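Below are the chains, spelled out letter by letter.
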Amino acid sequence: MKNIAIITHNLCLGGVQKNVSLLANALSSTHKVTLILFEDKPFSYHLDSTITVYTLSPHALQLDNKTKEELQNIGEVLFDARSKELAHLFESHVFDVVVSFEDYNNLCTLNALKKGMKAIVSSRVSLEHGYKNRLIHLLPPSFYKTTMQKLYPKAECVVSVSDGVKEELAKLGIRAKTIANGIELKKLQTLSQEACALNDEFFLHVGRFDTAQKAQHEVIEAYRSVAKELQSALVFVGDGKDRAKLEALVGNYGLQKRIFFMGFDENPYRYMQRCKGFIFSSYYEGMPNALLEALSLGCAVVAYKFEPSWREFDGKEAVLFVEKGDIKELSKALVRLEKEPILRETLQKNAQCLIQKYSQEMCQKRWRELIETVAKKEDQSCAEF
C-alpha cells in the first residue's frame, strides 16, 4: 500500500474539485490517501472516511485600496508562505507520490518538493486565455509562464486535462500527457430521473455566473432577439458573482416570464435530461465538465468554440458550434434546435457515441496506472509517459 498525497485548493464547487474527490475516493481502496487543501472551505463532494485531510494555515489578506504592484507583492509573499508550509509537511510525512491539481498549487508543490520525492502535476485551464490580463491568486500571467518553465521539469509527469491544454504547454517547452475529466455516466443517468419542477419546454445553461468567461449575458441577448420565434423558455441553473446583474438584465427586457434562474442545484442532471437544448457559452475552458455531462445525457448542444479544446469535439457532429461572441449566430442556433427535430436527434445520437471516451472508469484507470507507474519507477525520465 503506497502513501499518496493529493493537493488542490479546496473541495468547494467546481469541475476540478469533483474530479479530485473522485480520484481520491478511487485510490483510497488500495492506497493510503492524504488530501492537502490550501483553503478551509465547506466540502461539496463526498470523501471516503479513510482519507486524511490537511488544510494549510489561513492568511488574513488586506487587499482594499492596493495598487496592482502591491497586490502582486502580496501574491508573491503568499506563494512563498504556502510553499514553505508544504515543505514542512513534506519533511514530516513520507509520500510515495504527490499529485497536484491546478497550476498555482502545482508550482507551490514543486517549489516545496524535497529531493527524491515524486510528483505528478495536472494543468487544468487554458494558459493563453484563462490567465490573460488577470491576476490569478494575486500573481500575473508572466509569473506562471516563467515559473512553470522553471519548475514543471521537476515533475515525474505533467498531465493536461485536454489536448488543447497540452498544446499550450508544448509552446512553453513542457511535455504533457492528456487525461480528461471522468464522467460518472451511470450515476448521472440515475440522478437525471429525479423529478424536475419544470414541465414546459426549455433551453438550459448550467454553470457559474461569471460573464467574463461564461458569457451568460450573450445567451440572454441571443434568446431575446428570437424570443417571439421560440416556445421554449430559457433556464439558468447555477450561482455566482454576476447573477444579480444577469437577473437585472432579464428584468430590463421584461422577460421574467420567459427566462428563469433556478439557483445552484446539486442535481442539474434532471434539467439536462428534459431540456430541448443545452447552451454552452464559455469563451475558454480546459475541459468543461458541464458540457461532458450534458453530452452524456444525450442533450442536443449548441456551444461557442471555447479555447483551447473545442477542436476535440469538432467533426463528431455531436455539438452545434458557433463562433465566440456571435450572438446573431447563437440566436439562429436556438431557432434551429427549436424547429429542427432531425438536427436534435442527430446531435443526441452522436453525443452518446462521443461520450464513451470520457467515462469515469476509463479516465480513473488511466490515472491509477500513471500513479502506480510513477510510484514504482526510480530515477527515470518522464519522457516515457
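Here the residue index of a chain counts from 1 through its sequence in written order. Totals for whole chains, interfaces and linings use every residue, but because this is a predicted model, local features are given only for residues with pLDDT of at least 70 and side-chain atom pairs only at 80 or more, for both listing and counting. The side-chain numbers reported here are obtained from all heavy atoms of the structure, hydrogens and water having been left aside.

Enquirer: Is there a simple way to think about the overall build of the chain in this case?
Expert: The secondary structure content of the chain amounts to 14 helices and 15 strands. We take the radius of gyration over the C-alpha atoms and set the globule estimate at 2.2 Å times the residue count to the 0.38 power. Taking 2.2 N^0.38 as the reference for a compact globule, 385 residues should give roughly 21 Å; the C-alpha atoms of the chain span a radius of gyration of 22 Å, in line with that estimate. With the C-alpha coordinates aligned to their principal axes, the bounding extent of the chain is approximately 65 × 50 × 40 Å. Accessibility here uses a 1.4 Å probe with only protein chains present; expressed as a share of the type maximum, an area under 20% marks a residue as buried, one over 50% as exposed, and anything in between as partly exposed. Among the 385 residues that make up the chain, the fraction classed as buried is 56%. Whether two residues are in contact is decided by their heavy atoms: any pair within 4.5 Å suffices. Nonlocal contacts in the chain, meaning residues at least 24 apart in sequence, comprise 69% of its contacts between residues at least 6 apart. Only the protein chains shown count as cover for residues, with accessible areas throughout obtained via the Shrake-Rupley method and a probe of 1.4 Å. Split by element, the accessible area of the chain, about 17700 Å² in all, is 49% carbon and sulfur. Secondary structure counts use DSSP, requiring at least four H or I residues in a row for a helix and at least two E residues in a row for a strand, with both numbered from the N terminus.

Enquirer: When you look at the confidence of the model for the chain in this model, what are you seeing that I'm missing?
Expert: As a note on interpretation, predicted positions should not be read in detail where pLDDT is low. For every residue, the predictor states its confidence as a pLDDT score lying anywhere from 0 to 100. Looking at the chain as a whole, the pLDDT averages 93, with 98% of positions reaching at least 70. Counting contacts from residues 379-385, a segment whose pLDDT is below 50, to residues more than four positions away or on other chains yields 15 contacts.

Enquirer: What's the story with the nonpolar core in this structure? I'm lost.
Expert: Soluble globular proteins tend to bury their nonpolar side chains together. Definition used in this section: a nonpolar core is a set of buried Ala, Val, Leu, Ile, Met, Phe, Trp, Tyr and Cys residues joined via side-chain atoms within 4.5 Å. Ranked by internal contacts, the top residues of the largest apolar core, which has 75 residues, are Phe90, Leu204, Phe278 and Phe313. Note: domain ranges come from an automatic or database domain assignment. Two domains share this core, each providing at least three of its residues, namely domain 1 (2-182 + 360-376) and domain 2 (185-357). Ignoring any residue separated from it by four or fewer positions in sequence, one finds Phe313 in contact with Met287, Leu291, Leu292, Leu295, Phe306, Phe321, Leu354 and Tyr358. One finds Phe209, Ile220, Ala222 and Tyr304 within the second-largest nonpolar core, a separate group that totals 31 residues.

Enquirer: Explanation requested: the sheet that holds strand β9 (residues 233-237) in the structure shown.
Expert: Adjacent strands of a sheet pair through backbone hydrogen bonds, lying either parallel or antiparallel. Strands qualify as paired when DSSP identifies two bridges or more between them. The sheet built from six strands is open, its strands ordered β10-β9-β8-β11-β13-β15 with parallel pairing. The open sheet terminates on both sides in strands that have one partner only, identified here as β10 (259-263) and β15 (319-322). Taking the axes of each pair of neighbouring strands and ignoring which way they run, one obtains an average angle of 25° across the sheet. Sheet topology places β9 next to β10; four bridges connect them, and they run parallel. Counterpart to Phe236 in the pairing with β10 is Phe261. Note on geometry: axes are C-alpha line fits, over the in-contact stretch for helices, and angles between N-to-C directions span 0 to 180 degrees.

Enquirer: Which parts of the structure should I look at to understand the UniProt feature "domain: Glycosyltransferase subfamily 4-like N-terminal" (unreviewed entry) in the chain?
Expert: UniProt positions are given in the numbering used here, feature names are shortened, and annotations may be inferred rather than shown by experiment. Mapped onto this numbering, the UniProt entry annotates "domain: Glycosyltransferase subfamily 4-like N-terminal" (unreviewed entry) at residues 14-186. End C-alpha to end C-alpha, residues 14-186 measures 20 Å, and it is 40% helix and 15% strand.

Enquirer: So what exactly am I meant to see when it comes to the domain arrangement of the chain here?
Expert: Much of the literature gives interface size as the accessible area that the parts lose upon coming together. Splitting the chain by domain gives domain 1 (2-182 + 360-376) and domain 2 (185-357). Computed over C-alpha atoms, the centres of domain 1 and domain 2 are 29 Å apart. Taken residue by residue, the interface counts 19 residues in domain 1 and 14 residues in domain 2. Taken together, both faces of the contact between domain 1 and domain 2 bury some 1300 Å²; the carbon and sulfur share is 57%. When two components associate, each loses some accessible surface as probed by a 1.4 Å sphere; the sum of these losses over both components is called the buried area.

Enquirer: In this structure, what is going on with the side chain of Thr211? I would like to understand it.
Expert: Inspection of the secondary structure assignment puts Thr211 in helix α7 (residues 211-214). If we skip the residues at most four places from it in the chain, Thr211 touches Gln216, His217, Asp242, Lys245 and Leu246.

Enquirer: When you look at unusual backbone geometry in this model, what are you seeing that I'm missing?
Expert: Most peptide bonds are trans, and most residues other than glycine sit at a negative phi. That bond from Glu307 to Pro308 is cis: its omega, 0°, falls within 30 degrees of zero. On the secondary structure map, Pro308 appears in strand β14 (residues 307-308). Within the chain, Glu317 stands out as a residue other than glycine whose phi angle is a positive 55°. Glu317 gets classed as exposed once you look at its relative accessible area, which sits at 52%.

Enquirer: Just checking my understanding: could you explain the pattern of salt bridges for this structure?
Expert: Opposite charge on two side chains permits pairing when their charged atoms draw close. What makes a salt bridge here is a side-chain nitrogen of Lys or Arg within 4 Å of a carboxyl oxygen of Asp or Glu, nothing more. In total, this model carries 20 salt bridges according to the counting rule given. As a salt-bridge pair, Lys241 and Asp242 come within 3.2 Å of each other at their nearest N and O atoms. Here the salt bridges do not stand alone but share partners, grouping Arg208, Asp210, Lys241, Asp242 and Lys245 into one network.

Enquirer: I'm lost on the environment of Ile7 in this one. Help?
Expert: Among the structural elements, Ile7 can be located in strand β1 (residues 3-8). It is 28 Å that separates the C-alpha atoms of Ile7 and Gln356, two residues lying 349 residues apart in sequence. Excluding its chain neighbours within four sequence positions, the residues that come into contact with Ile7 are Ile36, Phe38, Leu86, Phe90, Val98, Val99, Ser100, Phe101, Asn105 and Thr109.

Enquirer: Explain the environment of Ile4 to me, please; I cannot follow it from the model alone.
Expert: For Ile4, the location among the structural elements is in strand β1. Relative accessible area serves as the criterion here: at 0%, Ile4 is assigned to the buried category. With 31 residues separating them along the chain, Ile4 and Leu35 place their C-alpha atoms 8.5 Å apart. Discounting residues that sit within four places of it in the chain, Ile4 has contacts with Leu27, His31, Lys32, Val33, Thr34, Phe95, Val97, Val99 and Ile371.

Enquirer: Looking at this structure, how should I read the packing of aromatic side chains?
Expert: Note on aromatic pairs: each is described by the distance of the centres and the angle between the planes. For Phe, Tyr and Trp, where Trp contributes only its six-membered ring, two rings pair if their centres lie within 6.5 Å, and the inter-plane angle classes them as stacked under 30 degrees, edge-to-face over 60, or tilted in between. One pass over the structure, following the stated rule, counts 15 aromatic pairs. A ring pair is formed by Phe236 and Phe261, whose centres lie 5.2 Å apart and whose planes are at 15°; its orientation type is stacked. Of this pair, Phe236 sits in strand β9 while Phe261 is found in strand β10, placing the two residues 25 residues apart along the sequence. Neither Phe236 nor Phe261 differs from the other in exposure class; each is buried. Each ring, one from Phe313 and one from Tyr358, has its centre 5.9 Å from the other, and the planes form 20°; the classification is stacked. Taken together, the positions of Phe313 in the loop between β14 and β15 and Tyr358 in the loop between α13 (341-354) and α14 (360-376) put the pair 45 residues apart, joining distant regions of the chain.

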